[in-house]
Amino acid sequence: MRAWLSLSLLFVGGCGGTEAVPPESTGPRRVTLVTPSVATESDGVRLADGAIVAGAGDLSLYQAMVLSLSSPTPGSLCAKGTFGALGDVPTEVDTCPAGLTGTWEQRTYLSGATTHTTEESSVIGLGLLVWNADHTALYRLRVVGDSYDGQGVSTATFDVEPVP
């Protein structure tokens, strides 16, 4: 039986806090989602302002045999491929060439849940389009890395910005 573990902390920018990004912020920001231990219930991140939302949010980090980003709403994630910069991720919504099904999905898989550092991540550069939970705002996202340590703590770090 698979047990999905979920996000419990969100760091925006640097370490050490849950600083909210003002809603009028239109530029890219770096987000790190962290599961601090195995079997921890989590909150989500609201993409518009980077706020932690208890029991909700637009995107969460899950851990099982593979780390994954997941939305509470089906059809919210579109994997585009690997890119060198956030601005290189295409914003057309018609195709999802790097997704398992080639279409919009609820979950996107990251690296395997074997011990690895962010620098050893197998998904560095993965580009996605992501709808917020209500499908009213679209964001482009580029994975900077993910990690899984010997204590079961996993992270996913990505850059994200709204699509005009």
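Keep in mind that what you see is a predicted model, and the values were worked out from it rather than measured.

What follows deals with the overall build of the protein. Looking only at helices and strands, one finds zero helices and 12 strands in the protein. Counting from the amino terminus, helix and strand elements in the protein follow one another as β-β-β-β-β-β-β-β-β-β-β-β. Evaluated residue by residue, the protein yields a buried proportion of 49% over its 164 residues. A fraction of 63% describes how many contacts in the protein between residues 6 or more apart in sequence connect residues 24 or more apart. In the form shown here, the protein has an accessible surface area of approximately 7600 Å², with 55% of it arising from carbon and sulfur atoms.

So, on to the state of the cysteines. Counted by the stated rule, this structure contains one disulfide. Through a disulfide, Cys78 is tied to Cys96; the S-S separation comes to 2.1 Å. Since a negative S-S torsion denotes a left-handed disulfide, the Cys78-Cys96 link at about -115° is left-handed. Of this pair, Cys78 sits in strand S8 (residues 77–82) while Cys96 sits in the loop between S8 and strand S9 (107–112), placing them 18 residues apart in sequence. As far as the burial class goes, Cys78 and Cys96 line up, both buried.

Moving on, we come to the pairing of strand S7 (residues 66–70). Among the five residues in S7, four count as buried, and that is most of the element. Looking at chain direction, strand S6 (residues 60–63) and S7 are connected through four bridges and run antiparallel. Counted as the bridge partner of Gln63 is Leu67 from S7.

Further remarks concern the environment of Gly75. Within the secondary structure, Gly75 sits in the loop between S7 and S8. Placed 28 residues apart in sequence, Gly75 and Thr103 show a C-alpha to C-alpha distance of 8.0 Å.

What follows is about the packing of aromatic side chains. Inspection of every chain in the model, using the stated rule, returns one aromatic pair. Ring geometry for Trp104 and Trp131: centres 6.2 Å apart, planes at 40°, overall tilted. Remark: Trp131 occurs in strand S10 (residues 126–131) and Trp104 occurs in the loop between S8 and S9; sequence separation between them is 27 residues.

The next point concerns the side chain of Ser111. Tracing the backbone through its elements, the reader meets Ser111 in strand S9. Side-chain polar atoms of Ser111 contact the side chain of Ser121, separated by 3.5 Å. Polar side-chain contacts of Ser111 include one of 3.0 Å to the side chain of Ser122. Residues in contact with Ser111, not counting those within four places in the same chain, are Val66, Leu67, His116, Ser121, Ser122, Val123 and Asp146.

Residues Leu59, Leu69, Leu110, Leu141 and Phe158 are the most contacted members of the largest nonpolar core, which totals 23 residues. Those elements that provide at least two residues to this core are strand S3 (29–35), S7, S8, S10, strand S11 (138–148) and strand S12 (154–162). Counting residues per element, this core draws most heavily on S11, at four residues. Ranked by size, the runner-up nonpolar core spans five residues in total, among them Cys78, Cys96, Leu138 and Val163.

What counts and how
- Residues numbered from 1 in each chain as written.
- Predicted model: local features only at pLDDT ≥ 70, side-chain atom pairs only at ≥ 80, totals over all residues.
- Heavy atoms only, no water.
- Helix = DSSP H or I, 4+ residues; strand = E, 2+ residues; numbered from the N terminus.
- Buried < 20%, exposed > 50% of the residue type's maximum accessible area, 1.4 Å probe, protein only.
- Contact = heavy atoms within 4.5 Å.
- Areas by Shrake-Rupley, 256 points an atom, 1.4 Å probe, with all protein chains shown as cover.
- Disulfide = S-S within 2.5 Å.
- Pairing = 2+ DSSP bridges.
- Phe/Tyr/Trp six-rings, centres within 6.5 Å; stacked < 30°, edge-to-face > 60°.
- Polar contact = N/O pair within 3.5 Å; in protein donor to acceptor, adjacent residues only side chain to side chain.
- Core = buried A, V, L, I, M, F, W, Y, C linked by side-chain atoms within 4.5 Å.

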